[in-house]
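Structural features, examined
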Amino acid sequence: MNLVVYILRRLAISIPILFIGSFLVFCMVAAAGDPLGELRTQPGVSQEAIDQLSRQLGLDQGIVPRYFDWLGGFLTGDWGISIAQGSNMQPVFPKVMSAFEVTIQLILAAEIIAVLLGVAVGVLAAVKQYSPIDYIATTMAFIFFSMPIFCVAIVLKMYGIDLNVMITDMGWDSWLGNPFLKTTSPESLSGDGFFDSIINYIGGLLLPTLSIMFISFAAYSRFQRSSMLETMSMDYVRTAQAKGISQGRVIMRHAFRNALIPVTTLFSVNFVTVVTGAIITERVFAWNGMGSVLVEAVNKNDPNTLMGWIVVIAISVVIANLIADLVYGILDPRIRVG
Amino acid sequence: MADLNSIEAGSESGRDKNPDGSGAEALPEARSQGTMVLRKFLRHKLAMGSVVVLALIILASIIVPLFYPHSFADASFSSYVDPSGEHPLGTTQVGKDMMAQVLRGTQFSLLIAITVAFLTTVIGVVLGALAGYLGGFTDSAISRLTDLFLIVPSIAAAAIMVRVFDGSWYVVALVLAMFAWMPIARITRAEAMSLSQREFIEAARASGAGTGRVVFKHLVPNMVGTITVNATLAVAQAVLAEAALSFIGLGVQIPDTSLGLVISENYEQMQGRPWLFFGAFTVLVLISLTINFIGDGLRDAFDPRQRKVKA
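Residues numbered from 1 in each chain as written. Chains lettered and ligands numbered in written order. Predicted model: local features only at pLDDT ≥ 70, side-chain atom pairs only at ≥ 80, totals over all residues. Heavy atoms only, no water.

This brings us to empty space enclosed by the protein. It is a probe the size of a water molecule, rolled over the atoms, that shows where empty space is left. Considering all chains together, one arrives at 4 cavities of 30 Å³ or more under this definition. Looking at the second largest cavity, the residues that line it are Ile17, Leu18, Gly21, Ser22, Val25, Ile310, Val311 and Ala314 of chain A together with Ile151 and Val152 of chain B. By residue class, the composition of the lining of the second largest cavity is 8 nonpolar, 2 polar and no charged. (1 Å grid on protein atoms, 1.4 Å probe; cavity = no way out; pocket = protein on both sides within 12 Å on 5 of 7 lines; lining within 4 Å. Points joined across faces, edges and corners; volume = space filled by probe spheres on them. Nonpolar A, V, L, I, M, F, W, Y, C, P; charged D, E, K, R; others polar.)

A few words now on the packing of aromatic side chains. We describe a pair of aromatic rings using the distance from one ring centre to the other and the angle between the two ring planes. For the coordinates displayed, the defined rule picks out 22 aromatic pairs over all chains. Between the aromatic rings of Phe19 of chain A and Phe68 of chain A, the centroid separation amounts to 6.2 Å while the plane-to-plane angle is 45°, which identifies the pairing as tilted. With Phe19 of chain A in helix H1 (residues 2–31) and Phe68 of chain A in helix H4 (residues 63–75), the pair connects residues that are 49 residues apart, well separated along the chain. With relative accessibility at 36%, the residue Phe19 of chain A sits in the partly exposed group. For Phe68 of chain A, a relative accessible area of 44% gives the class partly exposed. Consider the rings of Trp169 of chain B and Tyr170 of chain B, whose centres lie 5.8 Å apart with planes at 85°: the pair is edge-to-face. On the basis of relative accessibility, which here comes to 23%, the residue Trp169 of chain B falls in the partly exposed class. Owing to a relative accessible area of 47%, Tyr170 of chain B belongs among the partly exposed residues under this scheme. By way of ring pairs, the aromatic residues Phe19, Phe23, Phe26, Tyr67, Phe68, Trp70, Phe74, Trp79 and Phe93 of chain A are connected into one cluster. (Phe/Tyr/Trp six-rings, centres within 6.5 Å; stacked < 30°, edge-to-face > 60°. Helix = DSSP H or I, 4+ residues; strand = E, 2+ residues; numbered from the N terminus. Buried < 20%, exposed > 50% of the residue type's maximum accessible area, 1.4 Å probe, protein only.)

Looking now at helix H6 (residues 154–164) of chain B. With 8 of its 11 residues buried, H6 of chain B lies for the most part within the structure. All buried positions along H6 of chain B are accounted for by Ile155, Ala156, Ala157, Ala158, Ala159, Ile160, Met161 and Val162 of chain B. Residues of H6 of chain B that are buried sit in contact with H1, helix H11 (247–284), helix H12 (290–300) and helix H13 (303–331) of chain A together with helix H7 (169–178) and helix H11 (224–247) of chain B. (Contact = heavy atoms within 4.5 Å.)

Further remarks concern the packing of H13 of chain A against H6 of chain B. Packing of H13 of chain A against H6 of chain B brings their axes to within 10 Å, and their N-to-C directions diverge by 150°. Between H13 of chain A and H6 of chain B, the angle is such that the two are roughly antiparallel. Of H6 of chain B, the residues touching H13 of chain A (which contributes Leu306, Trp309 and Ile310 of chain A) are Ile155, Ala156 and Ile160 of chain B. Considering only residue class, the contact of H13 of chain A with H6 of chain B consists of 6 nonpolar, no polar and no charged. (Axes fitted to C-alpha atoms, helices over the stretch in contact; angles between N-to-C directions. Parallel < 35°, antiparallel > 145°, perpendicular 65-115°, else oblique.)

Pasting the structure below:
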């Protein structure tokens, strides 16, 4: 019960921030220019049609009533229409949501692998400090941490294409599919039958997931390493060792769990970075996720889509922070919520 | 991700004569903190190597264009010429010399990154120090402002702002700085909070110093280590952030350019003509990597404890 109250209270605190934030962004979007500018210069578009669209977008009103119109619609699931050319006045809600689904799918797979692998490598590097494992892990983390995510994606795409050629040369494409590793957006991730579906799923997601994973992995492993080193120097760890408990048990039962606590904060700090990374990775692999929606919306000056996009990401940031805090509470009984 | 680096235990150099880190070192002569930090930093091989590499990149990006025969704007060459003595990195589709593009892109990327780092540090330190020192209403207001900027997706906000103004380098720099000061503000706030409990701050206040004087004459100089380290790392973050924004085409626009834009325009040729991609790519990664190493070296140098952790 306390937990529910805590969650509700946390969400309630973020509502004013979301409110002010969305208003500021709304003003920014409005300042970005006339969304119908392109339409106005086109021949054959009647003035009535433009006026009607202008009314529909609320452009004839001031910024404040327009914002509250938008907010009212937003809260009831009517996020307005997209005016980008070729979108045929498509409603924004399904457009942004289906793109978000694509992006979240990428992020989830990548983050799960990154956390597990990063924590494992970080612990290993800390326990075997200054060993070859530590040096390799540190070097790799530094390189990936310093690499722009699109470069990782581009290099992976390049090797992916080479690998596909190799697979075809070996004649494995008959069962792995041709191309096995999709370097552009896969039409569908399912296949005929169980085996085919798995192959398709892996082939379709592998390269973009790896791109996002590597960058996150670097952060998690560095963070886990330093946190683990710090925990291993604590008095209670020495006490446990002095009592004759085996080193493996000391590491797992006494140090590891406590060393995980700071890492959960990284999850929330990292979340925006990962979303940004996913957007850029999608561009390299030509996926139709949040990345392409954003680029199109900015270039076409499409206010409703931009607002929907930004608020969806902002809300997911709030939720990610909440999840991190809840996990924090589970790991550290001293600050258990409620 | 900026706070990430700052929390990492930096103990890689571990060459301190004073392994337990108790300040009671028997020194033959008195050394100022600055001298000690400098000495430690100079002994950090990786960081010093990085300084040399970074200095070479910066010098090359300034000096080479003075002697280099082709201009970045000259698009009169044939399309896709292979690398040769005439065009060390070949030419692009529209017939521009790639080497000139990389040099020009490096100049702009560095210029933007340094501007962003400077602005984020100033904004972050001022807001963080005031929030941490004053507490109360100021603290809540600044903290809520930080939260606000943290939930707005910076890539979208920056893209819209570039659209509002234009894609020249200083607009991109200003906009990136606007959405990147929060981690530094948080770190500074935490440190200012703990420092303002100390006696020397109380003494300064007791002798009649006003808020401005206490914060900028007593508080900030005592955080110089944290500030320097984070400012350095902010440069690396800014290089990557700018590259990402320009890569998706929403950052710097021609006639200004940047490494991200150069990569974005040419990476699709990576299969057949890798030189069009790897030139800019290598410089970009080297800049970011060396700055991260320098930041790491600075952190070690400023850390009076020089933690040596037994495993």
